[in-house]
Structure formats: C-alpha cells, structure tokens
Amino acid sequence: MTETTGASYASAGVDIEAGDRAVELMKEWVKKTQRPEVLGGLGGFAGLFDASALKRYERPLLASATDGVGTKVDIARQMGVYDTIGHDLVAMVMDDIVVCGAEPLFMTDYICVGKVHPERVAAIVKGIAEGCVLAGCALVGGETAEHPGLLGPDDFDVAGAGTGVVEHDRLLGADRIRTGDAVIAMASSGLHSNGYSLVRHVVFDRAGMTLDQRVDELGRTLGEELLEPTRIYSLDCLALTRTTEVHAFSHITGGGLAANLARVIPDGLHATVDRSTWAPGAIFDLVGTAGRVERLELEKTLNMGVGMMAVVPAESVDAALTTLADRGLDAWVAGEITERGDKDSGAELVGDYAK
C-alpha cells in the first residue's frame, strides 16, 4: 500500500517529545549526584569536570572502566521495576575502578530502549543517580537512544562508563602482595549482576518457577531476590585504604571468586580461600539444586556470597575488619597468601562451605 502522507521520525517510531520529557524527569535525580568539580548541568553535549581538582595529587593516575548489567535487565522488565537496575550498573563500573585504589569521580550512562516511556527512563536514571551517591561519584551525562524495530517497545539495555583517580604511589595491585598476607572477604547482597543467563535458564526453563512465586528459603518472592541490587563497595574500600594498609582488592564478578582473585596475585604466590569460613546465601543453593549445577560450575559463574575481596598484611586484619564492621558490612578472613614455588600464580577454594 502506498502511503499518502510524508514520512517522519515519529512515523518511524522515534518520539523526540517523549525523550525531552524523560530528560526533564531525570534532572532532579542527576542533580543529587553533583560534586563541586562538576560544571554545567544536564543537557549539554558533554559533561564537564574541573580537572584542576587533581592539582593536589603529585602524580595522578586516571582509572576508567565500562560495563553493563547483562540479562538482569530482563528481570527488571518482566517485573516492571526500573529504579534499582541503576545500582547494579554503578556497582559494576565503580567497583572495578576502586580495585586499584582509585576514588570514583564521575560517570556517564547509555540507555537504549525500543520505545521511550519517560517515567520508565527517569526511574532507571533515578537508580543510577542513587548508585552514584553510594559510590561517591557524579553522574555528569548520558544518552537515551530509541531503537524501534531493533528492540521491542518494552525492551531496554543499560551501560555506563566511569573515571576515577589515584595517586601513583598509592596504586594497589599484585606488586604489593606478599607471603603471609590475609584475604578478607566482603559479603555480597546476593547474585549481584553476573551469571543471570545461567540463573534464568535454571529457575525458569528447568525448574518452571515464576517471578511472583514465594520461596520460603529466600523469605520473599523469586523476583524480589533476583532483582536485589548489587552492593556498591567503593566507599567501603576507600575507607579501608584510609584506615589501614591494603595491598590489593578483587571485585568478584564474571568468572567467579577464584578467577577474579587470581587476577591480582603475582607470579610465585598463591591465594588459598577456605570455603568453611562462610555459608553462601540460599539463592546459590537454589540455583545449584534446581539446575543440578556442579559446585565448580557454580563457583566459576556466581559470586557465592562474596562480592569483593581485600588482600591486607596480617597485622592490618583487625583494623580492616573493624572498619568494615563500623560501616555495616559483613566481612571475615577467608584465606591467605603463600609461596607457590614456581612462576605461576593463582587462587583456589578449598574445603566445604559452612552450613
């Protein structure tokens, strides 16, 4: 059939007015994240950050990271809950940045939707802004893109990029780690934002569960558990660096605990983590049991109850645990660093989990 009217952006599925409305709705949330170094407001072509603030550093190193949330966004879409997924995004970006000891400075986001629903986009940005406050960084800008035909009207995805700064001589990492160091585990809030392709396959396809199904072991519905926001550790980690000596951090994300911890272990040393020092939350047992997933497969996919690890000198353990406890974060000594006797490095889990 021949169209009798001229084509327009709107007839192609892109609603510019809805996008403008979304920007207006999100402004109040973005404003809550502002730091003194941020210049201008939302709506410019680029976010501005006053770099003269870095003059107090002798040799400032900028740290950057980018990430997304993965298929957890589909849980948010199905539940119609959009104001928590932003916490996950900030955590995935800024907790990578703090691993090297860097202070988070600012972040930008990218939200891609099939159709702009202004209130929905604003809710997503609200979550990102709240996450930025928890991480101590500013949200200086972003992009909302409408992709009709590529995504369904209710489909969306989020991504973000962040920047932090650390003094060169305070850079954390493998070169600081020594034999006898202790490995401190910091509790996760749940699954965080990794392994959801496996989790969704297990609970939906294999177990036939539904998001509104109450699970007694979880103490809430499956959907509420799966949408639990990722814990943001940035300010907790920075507090540790201010109160005691820290050699390294490891953010436990995709690949699991052993693989991520191994990334900061130098050649010739080895990290041994004792499973008996903690009991993973009920969600990890549910996924393992419902999907008959072997323990090693679970451990290389999920965080198993540990979202961040710190490697500290033995004499710093008490101060580190006290700092984290004062901040309301459950943490414990989970392992140690030993000599391996060869050039290879690595990390392994030993023993059985506590009941």
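Because the structure is predicted, anything quoted here is derived from the model rather than measured.

K.L.:
Which residues make up the pattern of salt bridges, and what values do they have?
P.N.:
In a structure, side chains of opposite charge can pair up when their charged atoms sit close to one another. Counted by the stated rule, this structure contains 14 salt bridges. In this structure, Glu103 engages Arg56 in a salt bridge whose closest nitrogen and oxygen atoms are separated by 3.5 Å. A residue pair is termed long-range when its members are at least 10 positions apart, and Glu103 in strand β4 (residues 103–113) and Arg56 in the loop between β2 (48–49) and β3 (60–68) qualify at 47 residues. By relative accessible area, which is 60% here, Arg56 ends up exposed. Note that Arg77 and Asp74 form a salt bridge whose closest N and O atoms lie 2.8 Å from each other.

K.L.:
Tell me what's going on with the packing of helix α3 (residues 85–97) against helix α4 (residues 118–135), and back it up with residues and numbers.
P.N.:
Direction vectors running N to C along α3 and α4 enclose 40°, while the axes themselves pass 6 Å from each other. On the basis of the axis angle, α3 is oblique to α4. Of the two elements, α3 crosses α4, and the hand of that crossing is right-handed. Judged by residue contacts, Ile85, Gly86, His87, Leu89, Val90 and Met94 of α3 engage Ile124, Gly127, Ile128, Glu130, Gly131, Cys132, Leu134 and Ala135 from α4. Looking at the contact of α3 with α4 residue by residue, the classes come out as 9 nonpolar, 4 polar and 1 charged.

K.L.:
I'd like a rundown of the packing of helix α2 (residues 72–79) against helix α5 (residues 196–206), residues and numbers included.
P.N.:
Relative orientation of the contacting elements α2 and α5 amounts to 50°, with a least axis distance of 9 Å. Looking at the two axes, α2 sits oblique to α5. Every residue of α5 that contacts α2 at Lys72, Asp74, Ile75 and Gln78 is listed here: Tyr196, Arg200 and Phe204. A breakdown of the residues in the contact of α2 with α5 according to their chemical character gives 3 nonpolar, 1 polar and 3 charged.

K.L.:
Please give an account of the side chain of Glu225 that cites residues and values.
P.N.:
The residue Glu225 is located in helix α6 (residues 222–226) in this model. By relative accessible area, which is 8% here, Glu225 ends up buried. Excluding its chain neighbours within four sequence positions, the residues that come into contact with Glu225 are Leu218, Arg220 and Ile283.

K.L.:
Could you give an account of helix α11 (residues 317–326), naming the residues involved and the relevant values?
P.N.:
Residues Val317, Ala320, Thr323 and Leu324 constitute the buried set of α11. Buried residues in α11, looked at end-on, bunch into an arc of 135°, giving them a common side. Turned more than 90 degrees off the buried face of α11, the exposed positions are Asp318, Ala325 and Asp326. Where α11 is buried, its residues touch β7 (182–187), α7 (234–243), β12 (306–312) and β13 (331–339). Once α11 finishes, Gly328 follows within two positions and takes phi at roughly 80°, a positive value.

K.L.:
Kindly report on the sheet that holds strand β5 (residues 138–146), identifying the contributing residues and their values.
P.N.:
If you trace the 4 strands from one edge of the open sheet to the other, you get β3-β6-β4-β5, paired in mixed fashion. Looking at strand neighbours, the two that pair on one side only are β3 and β5, the edges of this open sheet. The mean inter-strand angle of the sheet, taken between neighbouring strand axes irrespective of direction, is 15°. In this structure, β4 lies alongside β5, joined through 8 bridges in parallel fashion. Residue pairing across strands places Cys112 opposite Ala145, the latter belonging to β5.

K.L.:
Tell me about the pairing of β4, and please be specific about residues and values.
P.N.:
Here β4 pairs with strand β6 (residues 156–167) via 10 bridges, running antiparallel. Across the sheet, the residue bridging to Val113 is Phe156, located in β6. Note that the unit made of β4, α4 and β5 has a crossover that is right-handed.

Rules used throughout
- Residues numbered from 1 in each chain as written.
- Predicted model: local features only at pLDDT ≥ 70, side-chain atom pairs only at ≥ 80, totals over all residues.
- Heavy atoms only, no water.
- Salt bridge = Lys/Arg side-chain N within 4 Å of Asp/Glu carboxyl O.
- Helix = DSSP H or I, 4+ residues; strand = E, 2+ residues; numbered from the N terminus.
- Buried < 20%, exposed > 50% of the residue type's maximum accessible area, 1.4 Å probe, protein only.
- Axes fitted to C-alpha atoms, helices over the stretch in contact; angles between N-to-C directions.
- Parallel < 35°, antiparallel > 145°, perpendicular 65-115°, else oblique.
- Left-handed = near helix turned anticlockwise from the far one by under 90°.
- Contact = heavy atoms within 4.5 Å.
- Nonpolar A, V, L, I, M, F, W, Y, C, P; charged D, E, K, R; others polar.
- Arc of directions from axis to C-beta.
- Pairing = 2+ DSSP bridges.
- Right-handed = clockwise from strand over helix to strand, strands pointing away.

As far as function goes, none of this settles anything; it's purely spatial.
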